[in-house]
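Here's the letter readout for the chains.
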Amino acid sequence: MARYTRTFFSALGLSAILMAGAARAEEGKKVSIVDDRGVTVEVPAQPKRIASISYFADDVALALGIKPVASTYMTAGREPDFLLGLTSGMKQIGQRAKPNLELLSEAKPDLIIAIRRYTVGNAAQLQNIAPYVAYNMELLEESYSETAALSTLLGKPERGEQLNADFRKHLAEYAAKAPKDVHPRFLIMWGGATPFAFHTENTSASIVAAIGGDNIPGPKSPGGEFGIDLSLETMLEKDPEVIFIYDSGPDRPHESNPIWSQLSAVKNNRVFYVGDQWVETNGPIAREIVLREAAHYLYPDTFPAIDVKAEAAKLIPAELQN
């Protein structure tokens, strides 16, 4: 009996050693991916410590049940409702356009997911901290491919595909329910003396257009930028009926221009200062919330107002919310 016990526990110990060794080997594996820069990046097969430069990686990771260790912000001190304020529990590494590389390094990430246009200039420095993957995060079609790619990178490809399929279904359902004889002229913009507005391919604009809105800047030119400077004079000529403005703070110089008060959207109280999900729309949580908000703002008699946090709570696993 004693001999059997020794044999059993020896086998058990050997099994544990082999399993631990296999786990370490798996953790040490690298996979190669090509990001939106066209650069091939070697990344961990099982990343554990994700840093997000933009809210996109936070959005995807939280929807997958993973909490990043570090994140940039849009506006200092404001934790986004569409992520349930969970970024407050992550190391803050600066504004998304100017991430603090020292703070990022302190977070000890094993993977950095970044917005391409703000980080290509620091690519070498970022890569010295941890494997760095950059996505465009601009267009609706990219939202599907980027969500799928990052979900695969984080080890949950099936969940990523399901999130994409769900959104396509919801977008079609809202479009089918929207009034067919009304196509409100709309505009999505950053405020300023000369507002910056978004072409229809931009993710948030694509969503509003898909449910019947008529985007006054129209589509982008082939190979062109996703947005355009739009003077208030041009805005008055096209006269949007609904205006969505990214709420980046109290500075609103466009409201001081006398042309502003002449716009139909302003006269009819259909100017909406919207949250960070309208800026960082490419993740699965943000795009679902923008769809519901846009439907209500365009057709308030057809679609109810929503509670952003309540909608986000449906998509973020309960264990991350506690």
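Residues numbered from 1 in each chain as written. Predicted model: local features only at pLDDT ≥ 70, side-chain atom pairs only at ≥ 80, totals over all residues. Heavy atoms only, no water.

Quick word on the overall build of the protein chain
- When you go through the protein chain residue by residue, the secondary structure sums to 13 helices and 13 strands.
- Based on the C-alpha atoms only, the size of the protein chain along its principal axes is roughly 90 × 40 × 35 Å.
- Here the contacts in the protein chain between residues at least 6 apart in sequence split such that 62% fall between residues at least 24 apart.
- Accessible surface for the protein chain amounts to roughly 14900 Å². Of this, 53% is attributable to carbon and sulfur atoms. (Helix = DSSP H or I, 4+ residues; strand = E, 2+ residues; numbered from the N terminus. Contact = heavy atoms within 4.5 Å. Areas by Shrake-Rupley, 256 points an atom, 1.4 Å probe, with all protein chains shown as cover.)

Side note on the pattern of salt bridges
- Counted by the stated rule, this structure contains 12 salt bridges.
- Between R78 and D276 there is a salt bridge, with its nearest N and O atoms 2.6 Å apart. Taken together, the positions of R78 in the loop between β4 (70–73) and β5 (91–95) and D276 in the loop between β13 (271–274) and α11 (284–298) put the pair 198 residues apart, joining distant regions of the chain.
- Taking relative accessible area as the criterion, R78 reaches 28% and is therefore assigned partly exposed.
- Here D276 falls in the buried class, since its relative accessible area comes to 5%.
- Linking E288 and R292 is a salt bridge whose minimum nitrogen-to-oxygen distance equals 2.7 Å. With a gap of four residues between them, E288 and R292 both fall in helix α11, about one helical turn apart. When sorted by exposure, E288 lands in the same class as R292, which is buried.
- Each of E288, R292, E311 and K314 takes part in salt bridges that share partners, so that together they form one network. (Salt bridge = Lys/Arg side-chain N within 4 Å of Asp/Glu carboxyl O. Buried < 20%, exposed > 50% of the residue type's maximum accessible area, 1.4 Å probe, protein only.)

Observations regarding the packing of aromatic side chains
- Taken as a whole and assessed by the stated rule, the structure comprises 15 aromatic pairs.
- Where F186 meets F244, the ring centres are 6.5 Å apart and the plane angle is 65°; that geometry is what we call edge-to-face. Residue F186 is located in strand β8 (residues 185–190), and its partner F244 is located in strand β12 (residues 242–246); the two are separated by 58 residues in the primary sequence.
- The class for F186 is buried, based on a relative accessible area of 0%.
- Between F196 and F198, the aromatic rings sit 5.3 Å apart at their centres with planes inclined by 90°, giving edge-to-face as the arrangement.
- F196 gets classed as partly exposed once you look at its relative accessible area, which sits at 26%. (Phe/Tyr/Trp six-rings, centres within 6.5 Å; stacked < 30°, edge-to-face > 60°.)

Some remarks on the side chain of T72
- Looking at the element boundaries, T72 is found in strand β4.
- Looking at T72, its side chain comes within polar contact range of the main-chain nitrogen of S54, at 2.8 Å.
- With residues up to four places along the chain from it excluded, the contact list for T72 reads S52, I53, S54, Y55, I93, G94, Q95, R96 and P99. (Polar contact = N/O pair within 3.5 Å; in protein donor to acceptor, adjacent residues only side chain to side chain.)

Comments concerning unusual backbone geometry
- For S54, which is not a glycine, the phi torsion comes out positive at approximately 115°.
- With respect to the helices and strands, the residue S54 is situated in the loop between β3 (50–53) and α2 (56–63).
- Taking the relative accessible area as the measure of exposure, S54 reaches 1% and is therefore buried.
- The residue L84 is not glycine, and still its phi comes out positive at about 60°.

Comments concerning the environment of L139
- Relative to the helices and strands, L139 is located in the loop between β7 (132–135) and α6 (140–153).
- Here the alpha-carbon distance between L139 and A193, two residues 54 residues apart in the chain, equals 25 Å.
- If we skip the residues at most four places from it in the chain, L139 touches E201, N202, T203, K220, F226 and N282.

So, the packing of helix α8 (residues 203–210) against α11
- Two numbers describe how α8 lies on α11: the axes approach to 9 Å, and their chain directions differ by 45°. It follows from the interaxial angle that α8 and α11 lie oblique. For the element pair α8 and α11, the recorded crossing hand is right-handed. Listed contacts from α11 to S204, I207 and V208 of α8 are R287, V290, L291, A294 and L298.
- For the contact of α8 with α11, the class distribution of residues is six nonpolar, one polar and one charged. (Axes fitted to C-alpha atoms, helices over the stretch in contact; angles between N-to-C directions. Parallel < 35°, antiparallel > 145°, perpendicular 65-115°, else oblique. Left-handed = near helix turned anticlockwise from the far one by under 90°. Nonpolar A, V, L, I, M, F, W, Y, C, P; charged D, E, K, R; others polar.)

With respect to the nonpolar core
- If you look at the biggest cluster of nonpolar residues, it comprises 81 residues, and the most contacted ones within it are I113, I188, F244, W278 and I285.
- Sorting elements by how many residues they give to this core places α11 first, with eight residues. (Core = buried A, V, L, I, M, F, W, Y, C linked by side-chain atoms within 4.5 Å.)

Some points on the side chain of E138
- Relative to the helices and strands, E138 is located in the loop between β7 and α6.
- If near-sequence neighbours (up to four positions away) are discounted, E138 is found in contact with R116, R117, E201, N202, T203, F226 and N282.

Re α6
- The end-to-end C-alpha distance of α6 is 20 Å, a good match for the 20 Å that 14 residues give at a rise of 1.5 Å each.
- With 10 of 14 residues buried, α6 is to be regarded as a mostly interior element.
- Of all the residues in α6, the buried ones are L140, E142, S143, Y144, E146, T147, A148, L150, S151 and L153.
- Two residues or fewer after α6 comes G155, characterised by a positive phi angle close to 85°. (Expected span 1.5 Å × (residues − 1).)

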